[in-house]
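Descriptive analysis of the structure
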Amino acid sequence: MAYHISVFISHSWAYDHHYTKLNEWIFQCEWNVSGHPILFYDTSVPRTDPIHNARNTAELARRIDERVALSHLVVCPMGMYATHSTWIERELQFAKQRQRPILAINPWGQERKSSVVRANSTLEVGWTKDSVVNGIWTLTKGEYR
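Please read these numbers as outputs of a predicted model, since none were measured by experiment.

Scanning the model with the defined rule gives 2 aromatic pairs in all. A centroid spacing of 4.7 Å and a plane angle of 85° characterise the contact between Tyr3 and Trp137, whose relative ring orientation is edge-to-face. Of this pair, Tyr3 sits in strand E1 (residues 3-9) while Trp137 is found in helix H5 (residues 129-140), placing the two residues 134 residues apart along the sequence. Pair check on accessibility: Tyr3 and Trp137 agree, each one buried. Pairing Trp25 with Trp127 gives two aromatic rings, centres 5.1 Å apart and planes at 55°, and the pair type is tilted.

Put into structure tokens, the structure is as follows:
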């Protein structure tokens with residue numbers, strides 16, 4: 001028996017080091033609750049699997065929304081770049097429309113945080129592996145199989 005949680009990490013390609021670190025913490029470590037493994041599934045759009053072959057902006061938005069729909073929650077760093085990113089804002093809107101919780105992550109204890117991410121977040125946590133995974137668990141409680 002294991003817990004299954006699908007996670008969409010919202011990110012900017014220009015700041016993909018945040019995505020890379022979150023991916024490492026969430027998907028490349030072993031996690032468990034009371035001896036039951038937590039299996040995380042990445043529904044994000046990583047650089048290795050872009051969806052840029054969309055014919056137009058509407059199709060790209062639809063494809064991202066489909067990935068959010070497959071997710072239990074959206075994780076988003078609160079870097080200031082998120083405030084100026086049209087796509088991050090759209091991803092957060094998709095999450096709200098689909099009633100997916102949004103976990104805001106404060107990278108390295110930044111003092112200035114994205115107002116867009118903060119306004120849409122369900123929960124904010126610090127930039128540590130344990131706080132991120134505990135935040136995901138708090139918001140989803142996993143799907144037990």
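Once you've had a look at it, read on.
This next bit is on helix H3 (residues 86-97). The periodicity of an α-helix, 3.6 residues per turn, causes residues three or four places apart in sequence to face the same way. Under the 1.5 Å per step criterion, the end-to-end length of H3 is 16 Å for 12 residues, consistent within 8% with the ideal 16 Å. All of the buried residues along H3 are Ile88, Glu91, Leu92, Phe94 and Ala95. Within H3, the buried residues cover an arc of 155° as seen down the axis, which keeps them to one side. Exposed side of H3, more than 90 degrees from the buried face: Thr86 and Gln97 are the residues found there.

So, on to the environment of Ala61. In this structure, Ala61 sits in helix H2 (residues 57-69). In this structure Ala61 comes out as buried when scored by relative accessible area, which is 13%. Sequence separation between Ala61 and Trp87 is 26 residues, and the spatial gap between their C-alpha atoms is 8.4 Å. Excluding residues within four positions of it along the chain, Ala61 makes contact with Trp87, Arg90 and Phe94.

Calculation criteria
Residues numbered from 1 in each chain as written. Predicted model: local features only at pLDDT ≥ 70, side-chain atom pairs only at ≥ 80, totals over all residues. Heavy atoms only, no water. Phe/Tyr/Trp six-rings, centres within 6.5 Å; stacked < 30°, edge-to-face > 60°. Helix = DSSP H or I, 4+ residues; strand = E, 2+ residues; numbered from the N terminus. Buried < 20%, exposed > 50% of the residue type's maximum accessible area, 1.4 Å probe, protein only. Expected span 1.5 Å × (residues − 1). Arc of directions from axis to C-beta. Contact = heavy atoms within 4.5 Å.

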